[in-house]
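Residue-level structural notes
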Amino acid sequence: RARFTEATVSTPTDARAHNNLGQSLIRLGEAETALTHFEEAVRLDPGRWAYHFNFAHALAELGWWSRAAARYRQAVEIRPEDHTTRYNMARALHERGDYRGAIENYLKAIRQAPDEPRLYLSIAKSYEALDRPADVITAYTRYLDLEPESNDAEGIRRRMEQLARPIGSDPDRPHAP
């Protein structure tokens, strides 16, 4: 941290130094303090994907989902082919309650990385929030195809069984209005 702080003091116009200090602060659990440095890195070099991504990550660490989604969106504009950025934007959209926006972005990430298990697990949660049980089952099935021995496989299988039951036969399944 001290080395990165010194770099920002000695060369305050060095975007990389601000980004490095921000990342150091995140690792130390000081996400809110890191924001100033990521903001400065972006101001100094607005075309650098990593600076937007790291800024968004700090916002997500703080649970500031709307701001994180907006910053991830800027990172996606710079690097649209990066499925990890798209995934993180989708996650931020889900956390702020924009399940349709999350699904749209998870689907784009899935097209970019169809063998990435966490994408299917995450999109299933957004489908579930919109009461789309068939889509939840499809997403969970693909997840289990990719991760059949995952720690959560048995719980996912049980959930899929619950969702497959007819409405009214499962007291734990919400009813559609």
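Look up a bit, the structure's there.
Presented here is an overview of the structure given in this document. (Residues numbered from 1 in each chain as written. Predicted model: local features only at pLDDT ≥ 70, side-chain atom pairs only at ≥ 80, totals over all residues. Heavy atoms only, no water.)

Structural notes on the nonpolar core
- Among the nonpolar cores identified, the biggest contains 50 residues, and Tyr72, Ile123, Tyr140 and Ile156 are the most heavily contacted of them.
- No other element matches the eight residues that helix α4 (residues 49-61) contributes to this core.
- Excluding residues within four positions of it along the chain, Ile123 makes contact with Ile103, Tyr106, Leu107, Ile110 and Ala139. (Core = buried A, V, L, I, M, F, W, Y, C linked by side-chain atoms within 4.5 Å. Buried < 20%, exposed > 50% of the residue type's maximum accessible area, 1.4 Å probe, protein only. Helix = DSSP H or I, 4+ residues; strand = E, 2+ residues; numbered from the N terminus. Contact = heavy atoms within 4.5 Å.)

Quick notes on the packing of helix α2 (residues 15-27) against helix α3 (residues 31-44)
- Contact geometry of α2 with α3 gives a least axis separation of 8 Å together with a crossing angle of 160°. Considering the angle they form, α2 stands roughly antiparallel to α3. At the point where α2 passes α3, the crossing takes the left-handed sense. The residues of α3 that touch α2, namely those facing Ala15, His18, Asn19, Leu21, Gly22, Gln23, Leu25 and Ile26, are Ala31, Thr33, Ala34, His37, Phe38, Glu40, Ala41 and Leu44.
- Among the residues forming the contact of α2 with α3, the class breakdown is nine nonpolar, six polar and one charged. (Axes fitted to C-alpha atoms, helices over the stretch in contact; angles between N-to-C directions. Parallel < 35°, antiparallel > 145°, perpendicular 65-115°, else oblique. Left-handed = near helix turned anticlockwise from the far one by under 90°. Nonpolar A, V, L, I, M, F, W, Y, C, P; charged D, E, K, R; others polar.)

Here's the deal with helix α8 (residues 117-129)
- Counted at 1.5 Å a residue, the expected span for α8 with its 13 residues is 18 Å, and the 19 Å between its end C-alpha atoms agrees.
- Looking at α8, one finds that the buried residues are Pro117, Leu119, Tyr120, Leu121, Ser122, Ile123, Ala124, Ser126 and Tyr127.
- Close packing links the buried residues of α8 with α6 (83-95), α7 (99-112), α9 (133-146) and α10 (153-164). (Expected span 1.5 Å × (residues − 1).)

Regarding the side chain of Arg159
- Here Arg159 shows up in helix α10.
- Not counting residues up to four positions away in its chain, the partners in contact with Arg159 are Glu128 and Tyr140.

Some thoughts on the packing of α2 against α4
- Where α2 meets α4, the axes come as close as 11 Å, and the angle between the chain directions of the two elements is 25°. The orientation of α2 relative to α4 falls into the category roughly parallel. Of the two elements, α2 crosses α4, and the hand of that crossing is left-handed. Where α2 abuts α4, its residues Ala15, Arg16, Asn19, Gln23 and Ile26 lie against Ala50, Tyr51, Asn54, His57 and Ala58.
- Across the contact of α2 with α4, the residue classes tally to five nonpolar, four polar and one charged.

Here's the deal with unusual backbone geometry
- The backbone of Asp131 shows a phi angle near 55°, a positive value even though the residue is not glycine.
- By secondary structure assignment, the location of Asp131 is in the loop between α8 and α9.

A short note on the packing of aromatic side chains
- A complete count under the given rule lists three aromatic pairs for this structure.
- Where Phe53 meets Tyr72, the ring centres are 5.6 Å apart and the plane angle is 70°; that geometry is what we call edge-to-face. Of the two residues, Phe53 is situated in helix α4 and Tyr72 in helix α5 (residues 65-78); the sequence distance between them amounts to 19 residues.
- Residues Tyr87 and Tyr106 carry aromatic rings whose centres are separated by 6.0 Å and whose planes lie at 50° to one another, so their mutual orientation is tilted. Separated by 19 residues along the polypeptide, Tyr87 in helix α6 and Tyr106 in helix α7 bring together distant segments of the chain. (Phe/Tyr/Trp six-rings, centres within 6.5 Å; stacked < 30°, edge-to-face > 60°.)

That's the geometry; what it means functionally is another story.
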